[in-house]
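# Overview (structure and organization)
If you want the building blocks of each chain, they are given just below.
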Amino acid sequence: MSSWLGGLGSGLGQSLGQVGGSLASLTGQISNFTKDMLLEGAEEVEADLSNSRRNEIEAIHAVLKSENERLRKLCVDLEEKHEAAELQLKQQSASYRSQLQQKEVEISHLKARQMALQDQLLKLQSVHSGAGSAPAATTASAFGYGASPHTAAFRDDDMDFGDVISSQQEINRLSNEVSRLESEVGHWRHIAQTSKAQGTHSSDQSEICKLQNIIKELKQNRSQEIDDHQHEMSVLQNAHQQKLTEITRRHREELSDYEERIEELEKLLEQGGSGVTTADHSKVSELQKSVQVLQTEKVESTRRIKELEEEIKDISQRLSSAENDRDVLKREHEQLNVEKRPMIEECDNLKLECSELQAYAVKQGDTVAGKEAVLAQSPATEEVLRLQQALSDAENEIKRLTNLNQDSSLTDDNLKLKMEVQVLEKEKSLLNQEKEELQKSLVKLNNEYEVIKNTDMRNLDSELHDLRRNLEAKEQELNQSINEKEILMAELEELDKQNQEATKHVILIKDQLSKQQNEGDVIISKLKQDLDDEKKRAHQLEDDKVNIIRELDVEKEKLIQSGWALNDLHLAKQKLEDEVEDLVDQLNKSQKSNTSIQKENLELRELIRQNEEALSRVRNELLQSLSQDFHSDLSEKLPKEKETEARNLQQNLSEIEQLNGKLKKVAFDLKMENEKLLLAYEEVRHQLEESVAVNNQISVEKDTVVETLRREEGQVEAELRGAERRLLEEGSRHKQSVEGPGPAALQLEHERLIKLSQEKDLEIADLKKHIEQMDTEHKETKEMLSSSLEEQKQLTQLIDEKENLIEQLKERSSVLQEELDKYTQALKSNEVLRQTLEEKDRSLGSMKEENNHLQEQLERLRERQSRAAQGAEPRAPDGAAELESEVSQLTVTKRHLEEEIRQHQKVIEDQNQSERQLLQSLQEQKKETEAFKHQYEQMNATHAQLFLEKDEEIKTLQKTIEQIKTQLHEGRQDMHTENADIFQETKVQNLSLENGSEKHDLSKAETERLVKGIKERELEIKLLNEKNISLTKQIDQLSKDEVGKLTQIIQQKDLEIQALHARISSPSYPQDILYLQQQLQAYAMEREQVLAVLSDKTRENSHLKTEYHRMMDVVAAKEAALVKLQDENKQMSTRFESSGQDMFRETVQNLSRIIREKDIEIDALSQKCQTLLTVLQTSGASSEAGGVNSNQFEELLQERDKLKQQVKKMEEWKQQVMTTVQNMQHESAQLQEELHQLQAQVLVDSDNNSKLQVDYTGLIQSYEQNETKLKNFGQELAQVQHSIGQLCNTKDLLLGKLDSISPQLAPGPSPAPQAGGPAAAGEAGGACEASPLLWQEVEELRRALQQRDATIRTLQENNHRLSDSIAATSEQGRREHEQSGSEIRQLKERQDALQSLLREKDLLLKAKSDQLLSSSEEFTNKVNENELLRQAVTNLKERTLILEMDISKLKGENEKIVEAARGRETEYQALQETNMKFSMMLREKEFECHSMKEKALAFEQLLKEKEQGKAGELNQLLNAVKSMQEKTVTFQQERDQVLLALKQKQMENSTLQNEVQHLRDKESRLNQELERLRNHLLESEDSYTREALAAEDREAKLRKKVTALEEKLVSSSSAMENASHQASVQVESLQEQLNVVSKQRDEAALQLSVSREQVKQYALSLSNLQMVLEHFQQEEKTMYSAELEKQKQLIAEWKKKAENLEGKVVALQERLDEANAALDSASRLTEQLDLKEEQIEELQKQNQLRQEMLDDVQKKLMNLVNSTEGKVDKVLMRNLFIGHFHTPKSQRHEVLRLMGSILGVQREEMEQLFKEDQGGVTRWMTGWLGGGSKSVPNTPLRPNQQSMLNSSFSELFVKFLETESHPSVPPPKLSVRDMKPLDSPGRRKLDTNAPESFKDPAESRSGRRTDVNPFLAPRSAAVPLINPAGLGPGGPGHLLLKPISDVLPTFAPLPVSPDNSAGVVLKDLLKQ
């Protein structure tokens, strides 16, 4: 704003300088031209215009035109340079300010670190130096220059005297820094003002050099900080690499241990196999005994483990109950804290009020009596000590409870606490002694308070402020401690979760170990190791049991302590309530007294108002009497009473002037503050622009960084996928290798796999490092993005605030303009000022009375205090109710205050609305003034015709004006009434002279003129009457409305000023200011807290996002494992189906086919056997040798039975095979169903994975959308900046327009008589004869004229009377206005300043509230985002758990499938064995069948032989049978041998099968071992990655635990300190003790001695605290003196600025005077307000009159041109007519042709007329004569022309042309304003601004150009200089009628519209 004002001032200076020069040149030129014009007007009829004069005019015109163009170009160049220079200055200042702010921020950070280090050093020194705490504090205060408030005030959890000292140091440092910053701000403002005053090239180079040096230093500091940061980063990276190397080394060591163990187990297996075979039975028995012994020990150990587990369960139940009790205690503690906080706040407030009341009581006690002071001090001091004790007890209990809740497992600290309790009991006695010393010191302080009465109020206010700040700091610390407690609880919950996870992990490990135990139960060494492990576990469990019992004891002790603390809290609460009751009684009494005082004040104010009304009445009467005295003769003497009244008024005026001087000072101070705020606004705006630019750059850089990070992430993911593929390929290769080679190859493969796993571990470690780097970079970018978003939001808020400020400033500028317009009419504000001054005097008296009342109240309060102190204890139950009532009253008062604030805001808003309404009324008034202007221009048109006839009277008026000048110069020394009388006399003389001049030389032309004049006079009188009526009505309405509005506004403002004075003078005003400041500080602190919470939430957000990415990686790994398992399942299922089911089907089919064939054969053979048996039986009866045959048949039957039995067995076997096959089919169907289920689960898992991938892609898309939104925000910010720039430009343009409009509005509607119209001298009396009728008409007309003149005289006399009265009132008003103007301005300035302060406070509060709301919304948004992310993370964790469960299920199912496959293989082997048996049985059956066939053949032969009946053949048959039997015996023998061989083969096969099964078992075991190893490798890799991540998490958690433990130790030490009332030093001592305990735990006794010595030191430090407080008071005094000196310097600077502003005000006053002068000149032209403003010089009157004459002449020319352009000159036609008769008859046709050509008659018509009779010519001549009377005469006939009538027509025509070539009007004025180019916009604007009805009628008639040079003289329209329309190329070729454009200069007529009169030209001059 200041830069804009400076630029505007410089631009105004330049433009005013140029305007002054141009005006000077203009006035000179105008005066010269008016002189020439008047001379030429006098000599117009006599002289001719020579060619030399014309050339001179043309040369002057050309010179002036060139100079005008040159000046215009110069002006444009200078404006462009000025704008460019301002832009450069703005940019440079903005860049310098931004750099300075950045560097100041960095310096403040460095100073904060330095201060923190210095504070720590000072505290260490204070600990080591015994009684050196006070000088250390002073040095700390000396050092505290640039530290942040967080280092000293918020370092510890508790509050103590050391914190009070540090807060005092902080206050001192902040005040010093504020003063330094104010001096720097003043310095920069001075630089900015000097730079703006000097221009573009006058900026201080020394300042620039300083800034450059500062920038260099700051750059060096920044580079150093960057180097330190990089060094820290490198150190952290090295540490991280070392940790990773350690983890990999451990992993390798464990792998090597596992390998060694596996090798040992294999060796043990081999040794066991060999030892069993080789070892003796004795060794076996010994081993069996040892096994039994170990088994018994194992049983005992399991029993012990069970017992221990039951004990652990009991202990855990006890722990849970203890935790529940602890939670209950925590809740009670939180409730107590919640109840305690308001109590502590109320106690602090009451303590402060008590201290104030004590001070007052001491003061009044001394005034009343000395004895009462001694009696009153003792109870007051006791109450103060009681309050202090209660406060300290409350604080101690709060901190003890917090520490008890925080400490959970510090068993070692319990012993220390017991020791320190004894120390505290000793310290209690010391504290009692110190209490007595403090009481003595309080008595001393009370005596000192009596001495320091004047300074005590200020010190009390400052101490109040400090104590409130300390209270706020304590509350913040409490909140911080609560937050930390919540954080610790959250961490405990996290630790519990981790513990549960660890227990799960331990359970899994235990399961694995149990499996290993089951496997290793065979081995004795394993059993021994397991037993040792179990013993160790038992010992550990016993240790845990002992630890848990200890923890239970500790928690019991804590519960007991918390109960004690609760009892103490209840007691302290009761004490506080008692004290609060007493204070409430005192407050109620003081409020009652205040209400009575307020009532008295209201009564006094009513009396004051009545007195003021009486005074105003007396003053009005005085003013009336004075005005009557002024109208009466001044020679009369005033009576003595009026002289005394005048003297009294003069004395009052002198007093008012003194008060006005004071008010001026205050107004100047307020102006300075306003300018300060404007400068701050500009700086903020520059900072905004710079920060927006910087944010755009940062956002672009971040976008690039994010894109690079994405690319790197993609590369890393691709590498990870490649690594997974490699691992899968290697696993497949490993499987192939396991299936193929033997154990040696397995060992090689195992070693190779170990190497590969090590390489992969290294690769994984590298990848983890890379991923962690990427994560950190990603976190940093996210944090940067979040910070940039927050900054952008803050910037948008700031932009909105600045736009609001801009709108308010616009409204204020409009209000100021309205007040400028209104202050000219505000004559009544003097009375209001006097009223306000008297009210202020009376309010001072009322304030004194209020002070007396307050003193009396304080005495009463002191007495009540003494009574309350005596009777404080019995009022305990009533106190609570009184406390509650007092709290409710306080809340009611708070609400009332808030309502008052809202009412004030509403009042301010109403004022703003009233200002807007005033603006609207102003705009309406502008419209009305424009309408008045149009009416005024119409009136000018009518006046112009009147004043054409008054040209002769103007000359006489000029003479009278010269007389009036002399009289004015003489009468300026006398009173103004004489001037009025003289002017009236001169007017009478003028009118008499006019009447005398009108009576001469009347001719017919004069009669016509008089007729016209009478008509015009009548019109003028009517218009003047109407206009007078309308103007009087409008003036009355405007005056009434505006005066009423102004009086209302002034009364409102005075009431507001009174209210503000009352508030300022009231004692609650500084409290309100302090309350507002505290609110501002609280808002700032809340904003900082919200920002801190936001930063924490953003960190959590980034952490959750990293966890989310990590979980996504884990999910991807799980998906890969799932895919792997699915592949393995498919392979296994395909193998199983291909190998098992196909073989089974084939074997079963083959067996079923063979069995069917054998069944068919057996059936056939059985039938054959039956038939043979029947044959044998039938034949046996008839045969003789039956015995033998019967035996054989019995054997055969037996064999048949055997065969039947075997067949049954085969059928049974068949049924068994069928059942097994059916079972196999059922099992295969079940397996297929299970496979389908597994596939469905796999599909579900794949769907879940796809859903997860979709979510992931959605998150990535949302992230990209956020990035695009950020880019859009950046673009919108750029657009907003552009729009702000455009708004600033439009604002500048509007302000420029307002500046240009304000002088335009000033003239107002002033109907001035303007000269214009055709020249009266141009008229010549016609040569007609006068008749008696004409004389009678002339006499009647004269009478009418006299009557009209009489009416005009009466109107003029009325106008003169009005002007005289207005002049008298204006003189009186001017005197009063000169006295009261300054007072009004000062009061208005002060009021504006107060309003601006109020608005700024409201704006600040609104801005803070808006910032709070926005920050809270952001906080809620962040919390919601965090919750969403947490939910997403938990969902992902649940999904991963589900996937893990699915994987485990799949693994179990795989194992089941493998087991089923093994069972199927065993069944397959059994089936193969059954097949072998079946094949053997089939062979046997085939052999038996073969034997049966042979027997059947033998039977057939026997039957045949029987039939043949040959006995010999029977014998043969019997022999054959015998031989066959022998063969069968041999066959049976062979069969038995074959069976034996088969049995041997079967035995061998069984052994081979056993060996094969053994080998297969070995292979399966090896496969299992390989799979286990592979799974173990994968699990170990996963576990090691998890362990690496978990190790990092554990490290972070351990660090958090360490920090938490440190905080717990700090809190425990703080509890110790709070218990002993020595917080600050004991914190340090306990920290040192804790450090010593951590280093050397054996030196506990030494620490106790050191702590006792420190306790003594703390007692000494308590005694020295009073000295420290006195020292702080002295420091505050020095600070206040330094601040006073700085304020004096600032006042001096402000005085300088005030002088500059006074210069500006003088310049603005000059502009106002010029505008007023313009108004006066316009009002002089109206003849209604001739004597209103007599300070303007009379030369301006002459110039205006001459300019009016010039404009009138121009108007005459224009009217002539307009009237004659389409017409024919009467004189010319008369001359032509006479010439027609004078010419010979042969040449008369030529004359008639010429006349016809002039009249526009065509040649053909002329020839027709010539052909016709003479009657046609006579008709034409009569019509011509009849039409000629209407034309306007232009050139009169000269007397010498009458003699020349006899000459020829051509000579006459040449003479006529010569006369017509001379201009009848002097050349127009050559004004620089009108010297614009032809197409300049100014002229177009003039033409467009003129209404259409008043534009040049010549434009509408003949479409001539409007852009005509105004400096060309007008030519006559009688003879066309250029070819007329009638004369084309075929026109008459007469030489005399050729165009004269080559010879004569072409003077086009001025295109001046009727409204472009002299008044309008004057207005244009005044506007420009």
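A quick note: this is a predicted structure, and the numbers were derived from the prediction, not measured.

Turning next to the overall build of the chain. Within the chain one finds 34 helices and 0 strands. Across the 1968 residues that make up the chain, the buried fraction comes to 34%. Taking as baseline every contact in the chain between residues at least 6 positions apart, the subset at least 24 positions apart corresponds to 90%. By element, 55% of the accessible surface of the chain is carried by carbon and sulfur atoms, the whole surface being about 117000 Å².

On to the nonpolar core, then. Counting residues in each nonpolar core, the largest one holds 17 residues, and the members touching the most others are Tyr1108, Met1112, Leu1122 and Leu1436. The residues touching Met1112, leaving out its near neighbours within four places in the chain, are Leu1252, Tyr1256 and Leu1436.

Quick look at a negative patch on the surface now. Together, Glu254, Asp257, Glu260, Glu263, Glu264, Glu266, Glu270, Glu751 and Glu1587 line one region of the surface with negative charge. Broken down by element, the residue count for the negative patch peaks at 7 residues, all from helix H6 (residues 205-278). Tracing the backbone through its elements, the reader meets Glu264 in helix H6.

Attention shifts here to a positive patch on the surface. Together, Lys1012, Lys1015, Lys1770 and Arg1774 make up a positively charged patch on the protein surface. Elements supplying a minimum of two residues to the positive patch: helix H18 (1004-1065) and helix H26 (1770-1782). Position of Lys1012 among the secondary structure elements: in helix H18.

So, about the environment of Arg54. By the secondary structure assignment, Arg54 is in helix H2 (residues 51-128). The exposure class of Arg54 is buried, given its relative accessible area of 11%. For Arg54, the side chain forms a polar contact with the side chain of Asn51, separated by 2.6 Å.

Take the confidence of the model for the chain next. Residues of the chain with pLDDT of at least 70 account for 76%, and the chain-wide mean is 76. Low pLDDT, under 50, characterises residues 131-160; the predicted model gives this stretch 85 contacts beyond four residues in sequence or across chains. In this model, residues 1305-1330 is a region of pLDDT below 50 whose contacts with residues beyond four sequence positions or in other chains number 76 contacts.

In the structure shown here, the tally under the stated rule is 31 salt bridges. A salt bridge links Arg249 to Glu253; its shortest N-O distance comes to 2.9 Å. On the criterion of helical spacing, the pair formed by Arg249 and Glu253 is a turn pair, its members being 4 residues apart in helix H6. Its relative accessible area of 42% is what places Arg249 among the partly exposed residues. Here Arg1430 ties to Glu1100 by a salt bridge, and the two come within 3.1 Å at their closest N and O atoms. Of the two residues, Arg1430 is situated in helix H21 (residues 1332-1508) and Glu1100 in helix H19 (residues 1068-1182); the sequence distance between them amounts to 330 residues. Among the charged side chains, a network of salt bridges with common partners joins Glu170, Arg173, Glu177, Arg180 and Glu184.

Time to look at a nonpolar patch on the surface. Together, Leu71, Leu74 and Leu78 give the surface a local cluster of nonpolar side chains, amounting to about 240 Å² of exposed area. Taking the relative accessible area as the measure of exposure, Leu74 reaches 40% and is therefore partly exposed.

What follows is about the packing of aromatic side chains. All told, the structure shown has 4 aromatic pairs when counted by the stated rule. Centre to centre, the rings of Trp1213 and Phe1478 are 5.6 Å apart; their planes meet at 75 degrees, and the pair counts as edge-to-face. Here Phe1478 lies in helix H21 and Trp1213 lies in helix H20 (residues 1186-1305), a separation of 265 residues in the sequence. Looking at Phe1478, the relative accessible area reads 4%, which means it is buried. Sitting over the ring of Trp1694, Lys1697 keeps its end group 3.9 Å from the ring centre.

Okay, the packing of H26 against helix H27 (residues 1788-1799) next. When two helices pack together, their arrangement is given by the angle between the helix axes and the distance between those axes. Interaxial distance between H26 and H27 falls to 9 Å at its minimum, and their mutual angle equals 165 degrees. Here H26 is positioned roughly antiparallel relative to H27, judged by the angle of their axes. The handedness of the crossing between H26 and H27 is left-handed. Here Leu1772, Met1773, Leu1776, Phe1777, His1780 and Phe1781 of H26 come into contact with H27, specifically with Arg1788, Val1791, Leu1792, Leu1794, Met1795, Ile1798 and Leu1799. Partitioning the contact of H26 with H27 into residue classes produces 11 nonpolar, 1 polar and 1 charged.

What counts, and where the lines are drawn
- Residues numbered from 1 in each chain as written.
- Predicted model: local features only at pLDDT ≥ 70, side-chain atom pairs only at ≥ 80, totals over all residues.
- Heavy atoms only, no water.
- Helix = DSSP H or I, 4+ residues; strand = E, 2+ residues; numbered from the N terminus.
- Buried < 20%, exposed > 50% of the residue type's maximum accessible area, 1.4 Å probe, protein only.
- Contact = heavy atoms within 4.5 Å.
- Areas by Shrake-Rupley, 256 points an atom, 1.4 Å probe, with all protein chains shown as cover.
- Core = buried A, V, L, I, M, F, W, Y, C linked by side-chain atoms within 4.5 Å.
- Patch = residues over 30% accessible without salt bridge, like charges linked within 9 Å, V, L, I, M, F, W, Y side chains within 5 Å.
- Salt bridge = Lys/Arg side-chain N within 4 Å of Asp/Glu carboxyl O.
- Lys, Arg positive; Asp, Glu negative; His and termini not counted.
- Charge placed at Lys NZ, Arg CZ, Asp CG, Glu CD.
- Polar contact = N/O pair within 3.5 Å; in protein donor to acceptor, adjacent residues only side chain to side chain.
- pLDDT = per-residue confidence, 0-100.
- Phe/Tyr/Trp six-rings, centres within 6.5 Å; stacked < 30°, edge-to-face > 60°.
- Lys NZ or Arg CZ within 6 Å of the ring centre and 35° of its normal.
- Axes fitted to C-alpha atoms, helices over the stretch in contact; angles between N-to-C directions.
- Parallel < 35°, antiparallel > 145°, perpendicular 65-115°, else oblique.
- Left-handed = near helix turned anticlockwise from the far one by under 90°.
- Nonpolar A, V, L, I, M, F, W, Y, C, P; charged D, E, K, R; others polar.

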